[in-house]
Structures are given as C-alpha cells and as structure tokens.
Amino acid sequence: MKLLVAGGCGFIGSHFIEYFLKTYPKAHITNLDCLTYAAHPDMPAHLARLDPNRYCFVPKDISDPMLKSWVKEFKFDAIVNFAAETHVDRSILDPDSFVRTNVMGVQNLLAVAREGGNIRFVHVSTDEVYGSLKPTDAPSVEASALDPNSPYAASKAAADLIALASSRTYKQPVLITRCTNNYGPYQFPEKLLPLLIANALENKSVPVYGDGLQVRDWIYVVDHCRGIDAVLQKGKSGEVYNISACGEAPNITVIKKVLDLLGKPHSLISFVGDRPAHDRRYGLDSTKIRTELGWKPLVSFEEGLKTTVDWYLQNVEWWKKVRGSDYQKYYQANYDQKFVVKNANKSEVNS
Ligand code: DAU
C-alpha cells in the first residue's frame, strides 16, 4: 500500500507511521507535515531512521493550494489525515488557526483526494465533537448529536460534517474515526499527562483545572493507531467509527496515580481556575468498531501508564527541548494571565 499520511510528525501521526511500517513490510509512506510547534524538531529524523527506503517526508501544509497537482503524480492508495491544531487551551486563545487548519485545511485535502483519483480518505477526529456528557448519560455512540463546546471541538465537528457531506455529494470514499484522550511516549508536554509528568520531574506544581473531577476516557496511543488501521483496511465508506478503551477516570484520580508512579508527593497538586466551557465528561461507546471490524484495545491503563512514565523518565532531553522553546513560553504566559487564576480554597478536594 502507498499511503499518504498528513500530520505524521505529531504525536498520534508519528506513532501511526511507526506502527504501519513495522506491521506491513511492503507498505510505503509519504508523510506530509508543515512542522508546527507541536512537531518536535527531532521527529523528522526519528521517522526517517525507521526505514529510509519505504518512508519519505514532504514539508507541506494541508492547506497548500498546490497539493492537487503534486498528489496526482504519486498515485496514493489512501490518505490518512492527522494534521490538526489539537490543544483546547490554545483554541481559546487563537481560534483562527484552528479554523484555518482543521476546517479549511481538511476541505483542501478532501478536494486533493478527489482530484487525485478519488483516493480512500480516513479522517482522524475526536470524541470532543459530541460535547460534554452528564454523569448518568450513556457513552456517546456514532449517531449521537454533535454538540461541541470549544473552538477546537467546533472546528473538528465542522471538518467531520464537510467530510461526510463530501462522501454523500461526490461519492467520495471518506471514513471518520473519533477517539478519546490518547497518552503515550512523544506527546507534546502541553496535554495533561506529559505536562504533569514533566512538571513533577522538575518538582514544579501540577495545575489542576477547576475541581479536578472532570472525566476523560483514556486510550494508549498505539491501540488508537491499530483502530485507525482497522478502519483504513476494513471500514465502510461514509461511516464514522468511535475508538475507545472504555477507560473513563476523573482527572484527579489519574493525576494522583501518575504522581505515585513517579514517587512524587500529592502536595505538588495545585488547583487553579477552570478552563472556560470546560467539558465535564467524555465517554465513548466503541461497540461498532469492535463488532464490525474486530478491533479491541490491547494495552491496559496500568500498563500503558507505566510505559509512558518510563519513557518520559528516560527521555528528559526530548521534553526539555520543546518545553524551553520561546513559542511555548509565550503561549504559557498568555494562558496563565488570561484564564488560570490560582484558587487555594479548592485544596480540600485534594485530600
Ligand atoms: O478527547 C480527545 C481530546 O483529548 C483530543 O481531541 C484533543 O486533541 C486533546 O487535546 C484532548 O483534549 P482534552 O482537553 O481532554 O486534553 P488535555 O490534556 O488538555 O486535558 C485533559 C483534562 O485535564 C481536561 O479535563 C483538562 C485538564 N487539565 C489539562 C491541563 C493541560 C488540567 O486539569 N490541567 C492542565 O494543566
């Protein structure tokens, strides 16, 4: 298979490339990535080392209007799109870039796939498009209404709808995956788990938004990649597939678990002001992909967390390099100033 992966230098995309090259010895991958802040500077070299004969990197943006003629030449069998702005907090500060990449970029890539020979197109989306669940709600199914609350989630929901409309209007072979919160090695330290691990290792406080009782549904990144692969190989065109390991847990429970694994005190936990429009709970029902495509997660939360923590312990240089970047510092200072107000009174929840 000749695959075009868009956004392959990001966290999930890079794991997918590694998984795919290792699983299919005859596969060839072209990785299209414009290297935003979320791509570690060492990632292109890391991926190139996996198998230089079956992998190539093209530094381009999915919004590039010239992509059409370029893709036509290469005759790809399929496109998998990971390219996106993904951090909710950043979407609150800078929604424009989310609309540009997540909506306009996807629209362009869909047109590229059509003009490149109606190439099979897997679009990687998120559970955030369903919005927030109440504690007693059943987990979201593929037919649940879209009800996004952040600019990030709204941009992903818009792209999902454009992709589905393209499938209906142009008979384009488009498939959508919606997954829960990923964790694992190489995740950019702005997301909860890597931020928490990096802060704790530096004996810095760990910011917990609001009361810390928001629920997220966790999945090990390679299990997510296996799910995308199942959809790519066996999924039905025009369909949406939820991917989840049914790993719902409140943030504060996960945070304490990680601190325990690191041997760090819970006193590092610092309750801060809440994220605006913070979704209280996500939970996905993944019966469809399990029954129709035979996928299931293989890595337990305990096992995945241990692998992840060990990786961050052994790769201190990797996360220090991106944490020290000017862009990251600028963003953090702005975010702290605008949204995060220290709130010492919440500390009793910490006990
Ligand atoms: O659900 C899938 C989504 O998960 C993906 O589509 C998004 O790209 C990804 O960013 C993630 O969104 P979340 O907002 O759930 O992830 P984040 O790591 O930012 O936050 C996880 C939870 O932890 C959330 O309830 C906010 C909270 N949090 C986060 C940070 C960064 C804190 O309490 N403190 C923090 O410093």
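Everything quoted here is computed from the prediction, not taken from an experiment.

Asker: Which parts of the structure should I look at to understand helix α9 (residues 251–262)?
Answerer: Residues separated by three or four positions in an α-helix point in the same direction, a consequence of the helix having 3.6 residues per turn. Here α9 contains twelve residues, and its C-alpha end-to-end distance of 17 Å stays within 8% of the 16 Å for a straight helix at 1.5 Å per residue. Buried within α9 we find N251, I252, V254, I255, K256, V258, L259 and L262. Contacts made by the buried residues of α9 are with α7 (192–201), β8 (206–209), β9 (215–220), β11 (248–250), β12 (269–272) and α11 (301–314).

Asker: Even after reading the chapter, I still don't get the pairing of β9, so can you show me in this structure?
Answerer: Sheet faces and side chains relate simply in a regular strand, where the side chains alternate between the two faces. Summarising burial for β9: six of the six residues are buried, a large majority. Residues V215, D217 and I219 line one face of β9 and the alternating positions R216, W218 and Y220 line the opposite face, and both faces are buried. With three bridges connecting them, β9 and β11 associate as antiparallel partners. What sits directly across from V215, in β11, is P250.

Asker: Looking at this model, I keep getting lost on the packing of α7 against α9. Mind explaining?
Answerer: Each pair of packed helices can be described by the angle between their axes along with the distance between the axes. For the pair α7 and α9, the least separation of the axes is 10 Å and the interaxial angle reads 40 degrees. Considering the angle they form, α7 stands oblique to α9. Read as a crossing pair, α7 and α9 show a hand that is right-handed. The residues of α9 that touch α7, namely those facing L192, L193, L196, I197, A200 and L201, are N251, V254, I255, V258, L259 and L262. The residue makeup of the contact of α7 with α9, split by class, is eleven nonpolar, one polar and no charged.

Asker: Help me understand the pattern of salt bridges, please; the structure alone is not making it clear to me.
Answerer: Applying the stated criterion across every chain, the model contains 15 salt bridges. Residue K22 pairs with E18 through a salt bridge whose shortest N-O separation is 2.8 Å. With K22 and E18 both in helix α1 (residues 11–23) and four residues apart, this pair spans about one turn of that helix. We note a salt bridge from R90 to E190, for which the minimum N-O separation is 2.5 Å. With R90 in helix α4 (residues 88–93) and E190 in the loop between β7 (181–183) and α7, this residue pair connects regions lying 100 residues apart in the sequence. Judged by relative accessible area, which is 7%, E190 ranks as buried. Counted as one network, the salt bridges with shared partners bring together E202, K204, K320 and R323.

Asker: What should I look at first to understand the domain arrangement of the protein chain in this one?
Answerer: How big an interface is tends to be stated in terms of accessible area lost as the parts join. What the domain assignment lists for the protein chain is domain 1 (2–182 + 219–243) and domain 2 (187–216 + 248–277 + 300–338). Of the roughly 1,900 Å² buried between domain 1 and domain 2 on both sides combined, carbon and sulfur atoms contribute 59%. Between R275 and D89 there is a salt bridge, and its shortest N-O distance comes to 2.6 Å. Counting across the domain 1 and domain 2 interface gives nine residue pairs in polar contact (both at pLDDT 80 or more). Where the side of domain 1 that touches domain 2 is concerned, the elements lending two or more residues are α4 and β7. In terms of residues, the side of domain 1 that touches domain 2 owes the most to one element, α4, which gives five residues. A breakdown of the residues in the side of domain 1 that touches domain 2 according to their chemical character gives nine nonpolar, six polar and three charged.

Asker: Looking at this structure, I do not really get the nonpolar core. What am I missing?
Answerer: In terms of nonpolar packing, the biggest core is built from 62 residues, with L3, F16, V80 and V258 touching the most fellow members. Residue assignment places this core across two domains, with domain 1 (2–182 + 219–243) and domain 2 (187–216 + 248–277 + 300–338) each supplying three or more. Apart from residues no more than four positions distant in its own chain, V258 is found in contact with L193, L196, I197, L305 and V309. Judged by nonpolar contacts, the second largest core, of 28 residues, contains A6, L67, A113 and L284.

Asker: Explain the site of the ligand to me, please; I cannot follow it from the model alone.
Answerer: Within the structure, the ligand sits among 22 residues, and T126, D127, Y152, L192 and R275 are positioned closest to it. Separating an oxygen atom of the ligand from a backbone N or O atom of Y209 is a distance of 2.9 Å. For the ligand, an oxygen atom lies 2.9 Å from a polar atom in the side chain of N251. Across the complex, the protein chains shield 95% of the 680 Å² of accessible surface that the ligand would expose by itself. Elements with a contribution of two residues or more to the shell around the ligand: α7 and β8. For the shell around the ligand, the element with the highest residue contribution is β8, accounting for three residues. Residues belonging to the shell around the ligand are distributed by class as follows: eight nonpolar, eight polar and six charged. Inspection of the shell around the ligand shows a minimum of three residues originating in each of domain 1 (2–182 + 219–243) and domain 2 (187–216 + 248–277 + 300–338).

Definitions and limits used
Residues numbered from 1 in each chain as written. Predicted model: local features only at pLDDT ≥ 70, side-chain atom pairs only at ≥ 80, totals over all residues. Heavy atoms only, no water. Helix = DSSP H or I, 4+ residues; strand = E, 2+ residues; numbered from the N terminus. Expected span 1.5 Å × (residues − 1). Buried < 20%, exposed > 50% of the residue type's maximum accessible area, 1.4 Å probe, protein only. Contact = heavy atoms within 4.5 Å. Pairing = 2+ DSSP bridges. Axes fitted to C-alpha atoms, helices over the stretch in contact; angles between N-to-C directions. Parallel < 35°, antiparallel > 145°, perpendicular 65-115°, else oblique. Left-handed = near helix turned anticlockwise from the far one by under 90°. Nonpolar A, V, L, I, M, F, W, Y, C, P; charged D, E, K, R; others polar. Salt bridge = Lys/Arg side-chain N within 4 Å of Asp/Glu carboxyl O. Domains from an automatic or database assignment. Buried area = accessible area lost by both parts, 1.4 Å probe. Polar contact = N/O pair within 3.5 Å; in protein donor to acceptor, adjacent residues only side chain to side chain. Core = buried A, V, L, I, M, F, W, Y, C linked by side-chain atoms within 4.5 Å. Near = heavy atom within 4 Å. Areas by Shrake-Rupley, 256 points an atom, 1.4 Å probe, with all protein chains shown as cover.

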